[in-house]
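Chain residues, written in single-letter form:
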Amino acid sequence: MMKSVVVTGPGRVEVVEVPKPSAGPKDVLVRMRACGLCGSDGYYIARGGIPPREGATPLGHEGAGEVVEVGTEVTGFVPGDHVVMNPLAPGSQLLGSGGPMGALTEYLLFHDAEPGRELQIIPRDLPFDVAAINEPMAVARHAVNRTAPKPGDTVVVFGAGPIGLGAVLGYRTSGARHVVVVDVQPARLDKALAVGADAVIHSAEEDVAARLTELHGPGATVLGAPRAGTDIYLDAAGVPAVIETALAAAKANATLGVVALHKKPVSVDFGALLGVEPTIVTAMGYPQEIYQVTGDIVANQDRYARIISHRIPFTDVLAALDLASTPGAADKVVVTFD
């Protein structure tokens, strides 16, 4: 038997005993070593599961682990391989997202596994806790890619949570010339600088548009009205004021990307935008980026490690979930396994 975390009803999550799987001829068995916690985990707990699945819903989709069994017909994996996983790949069966498995468990079985599909082998010297944030960093990288940055671009990221910080690193890799982060929490702004931001703006104390003009130079609308010279705005905060601020500051042909989840509709005056001609894009998931970001994590693991705010053992997983679901209590929580 092994322990696994499941949602058992609205507001109820439990650690239960379930049979430990074993690998068939085409399977790979992975011992979990770390699993990041996502805001969606708290959402699934609050609503009592993940439709359309009925009954106990396994949690966890940000996993890293070690291969312990390999089926006789499997190629490309050997016991001892360290791996990260794609929760949406065919053999992962919607890992932690309504399927029969979740990564908050001691062992995971992957059917018909192929390297670079369900699982990606990582260097053995990459810490498991850092490897476990591969999935949210892929979300951030997709957001960066959707805004199509060019070498030399100037960028502002609103929100210094895990996705915003991951985007900072993504823009650095893309060749952006200058990256600014906007937030209202001083500790998060300090972390943004440590991760690689060139400058930060405390939006509760500073005029964002004026400060961006200082940092990125002046710009203008099509008709010549003064604006900031920033090329790309990314909303990783999900606050209506971010959209208002970005579009009011945007110069002609600037790009606004939205990766944050807005829980309520946001009003936009498109008439006022005619003379700006902005490109507005949204980003969800990681169609191609799930392993695209892995190499960057390996190369810059010290910076990615700074994104993690709490590391909590699996023996205290329920406390970890409670912490991760408490607004403002933590930035990125990773559950570790002995």
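Note: the structure precedes this text.
Basis of the calculations
Residues numbered from 1 in each chain as written. Predicted model: local features only at pLDDT ≥ 70, side-chain atom pairs only at ≥ 80, totals over all residues. Heavy atoms only, no water. Core = buried A, V, L, I, M, F, W, Y, C linked by side-chain atoms within 4.5 Å. Buried < 20%, exposed > 50% of the residue type's maximum accessible area, 1.4 Å probe, protein only. Pairing = 2+ DSSP bridges. Helix = DSSP H or I, 4+ residues; strand = E, 2+ residues; numbered from the N terminus. Axes fitted to C-alpha atoms, helices over the stretch in contact; angles between N-to-C directions. Contact = heavy atoms within 4.5 Å. Parallel < 35°, antiparallel > 145°, perpendicular 65-115°, else oblique. Left-handed = near helix turned anticlockwise from the far one by under 90°. Nonpolar A, V, L, I, M, F, W, Y, C, P; charged D, E, K, R; others polar.

Draft legend 1. Structural detail: the nonpolar core. With 44 residues, the main nonpolar core has V157, Y171, V181, Y304 and I307 as its most contacted residues. In this structure, V28, V30, A103 and F337 belong to the second largest nonpolar core, which totals 35 residues.

Draft legend 2. Fine view of the sheet that holds strand β15 (residues 255-258). Taken in spatial order, the six strands of this open sheet run β11-β10-β9-β14-β15-β16, and their pairing is parallel. If you trace the sheet from one side to the other, it starts and ends with β11 (199-202) and β16 (279-282), each paired once. Neighbouring strand axes in the sheet, compared pairwise and without regard to direction, differ in orientation by 20° on average. In this structure, strand β9 (residues 154-158) lies alongside strand β14 (residues 232-235), joined through four bridges in parallel fashion. Following the sheet pairing, V157 is matched in β14 by L234. Docked against the sheet, helix α4 (residues 162-174) engages β9, β10 (178-183) and β14, running at close to 170° with respect to β10.

Draft legend 3. Here's a closer look at the side chain of N86. Tracing the chain through its elements places N86 in the loop between β6 (82-85) and β7 (107-111). On the basis of relative accessible area, N86 is assigned to the buried category, the value being 12%.

Draft legend 4. Main features of the packing of helix α3 (residues 134-146) against α4. At a minimum axis distance of 8 Å, the contact between α3 and α4 shows a crossing angle of 55°. Between α3 and α4, the angle is such that the two are oblique. Crossing of α3 against α4: the hand is right-handed. Residues P136, M137, V139, A140, R141, A143 and V144 of α3 pack against P162, I163, G166, A167, L169, G170, Y171 and T173 of α4. For the contact of α3 with α4, the residue count by class is 11 nonpolar, three polar and one charged.

Keep in mind these numbers describe shape, not what the thing actually does.
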